[in-house]
Amino acid sequence: MAARRHSLFDREIMTQAAFDSIKKLNPRSMAKNPVMFVAEVAAVITTIVGLIFGEGSEPLAFTLQVTLWLWFTVLFANFAEALAEGRGKAQAGALPEVESAVRTVSQKGGTPLVVADSKRVLGVVHLKDIVKGGLKDRFERFRTMGIKTVMITGDNQLTAAAIAKEAGVDDFLAEARPEDKLALIRKEQASGRLVAMTGDGT
């Protein structure tokens, strides 16, 4: 599964950011950023001064330059903020797809490995242990002998449940740390049971 990649210069995101930068000129929005709010007020004042009180070409030209720079500063800051928000929303929108892929891999008995570049998800890799052939029949024979088999793994609940079902063990303990394994063994021994443990060879 590959997640959709959102470039820094994604046309859709940049177009929306351009529209949003205009919407952010609303004084209520600008008030959330005092510095840019002051810059916007100054831009409005210089615009009014330039249009109404400008006298002579040189003062008017200077006022126009200051006004243009102020508006450019405000709009650029709004655009940068809107662009960051747009990219954040785009990444957040990809999360359900990633979560769905992770869940699917886990339900199939695999271990999901999310590959990312910085904060951008590139895809989900499906890692899967191969259950040895005939293992389920052997566990069945153990069962007829009164031997209970328990799989202890560090995998998540979904992956562990799928593997346990495929292998045919009687029970399983998922997301287990070394101390959890030891605690389970001691619990069984305290109940008077003889416990034997073996690894998977990895």
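Look a little higher up for the structure.
Below you will find a few notes about this structure.

So, how was this worked out
Residues numbered from 1 in each chain as written. Predicted model: local features only at pLDDT ≥ 70, side-chain atom pairs only at ≥ 80, totals over all residues. Heavy atoms only, no water. Helix = DSSP H or I, 4+ residues; strand = E, 2+ residues; numbered from the N terminus. Buried < 20%, exposed > 50% of the residue type's maximum accessible area, 1.4 Å probe, protein only. Contact = heavy atoms within 4.5 Å. Areas by Shrake-Rupley, 256 points an atom, 1.4 Å probe, with all protein chains shown as cover. Polar contact = N/O pair within 3.5 Å; in protein donor to acceptor, adjacent residues only side chain to side chain. Salt bridge = Lys/Arg side-chain N within 4 Å of Asp/Glu carboxyl O. Phe/Tyr/Trp six-rings, centres within 6.5 Å; stacked < 30°, edge-to-face > 60°. Patch = residues over 30% accessible without salt bridge, like charges linked within 9 Å, V, L, I, M, F, W, Y side chains within 5 Å. Core = buried A, V, L, I, M, F, W, Y, C linked by side-chain atoms within 4.5 Å.

Next up on the list: the overall build of the chain. Scanning the chain from terminus to terminus reveals 7 helices and 4 strands. Every one of the 202 residues in the chain was classed for burial, and the buried ones make up 26%. Sequence-distant contacts in the chain: of pairs separated by 6 or more residues, those separated by 24 or more amount to 51%. On the chain, roughly 14300 Å² of surface is accessible, and the fraction owed to carbon and sulfur atoms is 61%.

Along the chain, T46 turns up in helix α3 (residues 34-53). Linking T46 and L70, residues 24 residues apart in sequence, is a C-alpha distance of 8.9 Å. In contact with T46, not counting residues within four places along its chain, are T63, V66, T67 and L70. Among the polar contacts made by the side chain of T46, one reaches the side chain of T67 at a distance of 3.0 Å.

Applying the stated criterion across every chain yields a total of 5 salt bridges. In this structure, the salt-bridge partner of E188 is R193, at a minimum N-O distance of 3.1 Å. A relative accessible area of 22% places E188 in the partly exposed class. Each of the salt bridges in this network shares a partner with another, and the network as a whole consists of E140, R143 and D170.

With that settled, the discussion passes to unusual backbone geometry. Despite not being glycine, E175 has its phi angle at roughly 50°, a positive value. One can find E175 in the loop between β4 (171-173) and α7 (178-190).

The subject of this paragraph is the packing of aromatic side chains. Counted according to the given criterion, the structure contains 3 aromatic pairs. Where W69 meets F72, the ring centres are 5.9 Å apart and the plane angle is 90°; that geometry is what we call edge-to-face. Of this pair, W69 and F72 are both found in helix α4 (residues 57-107), 3 residues apart, which corresponds to roughly one turn of the helix. Ring centres of F139 and F142 lie 6.3 Å apart, and the angle between their planes is 45°; on these two criteria the pair is classed as tilted. Of the two residues, F139 and F142 are both situated in helix α5 (residues 135-144); the distance of 3 residues between them amounts to about one turn of the helix.

On the surface, F37, V38, V41, I45 and V49 cluster together into a nonpolar patch covering about 380 Å² of accessible area. Locating F37 in the fold gives a position in helix α3.

Attention shifts here to the nonpolar core. One finds F139, M151, A160, I163, A164, A167, V169 and A174 forming the largest nonpolar core, which totals 8 residues. Sort the elements by how many residues they give to this core and helix α6 (residues 157-167) lands first, with 4 residues. Beyond its immediate stretch of four places on either side in the chain, A174 contacts T153, D155, N156, Q157 and A160.

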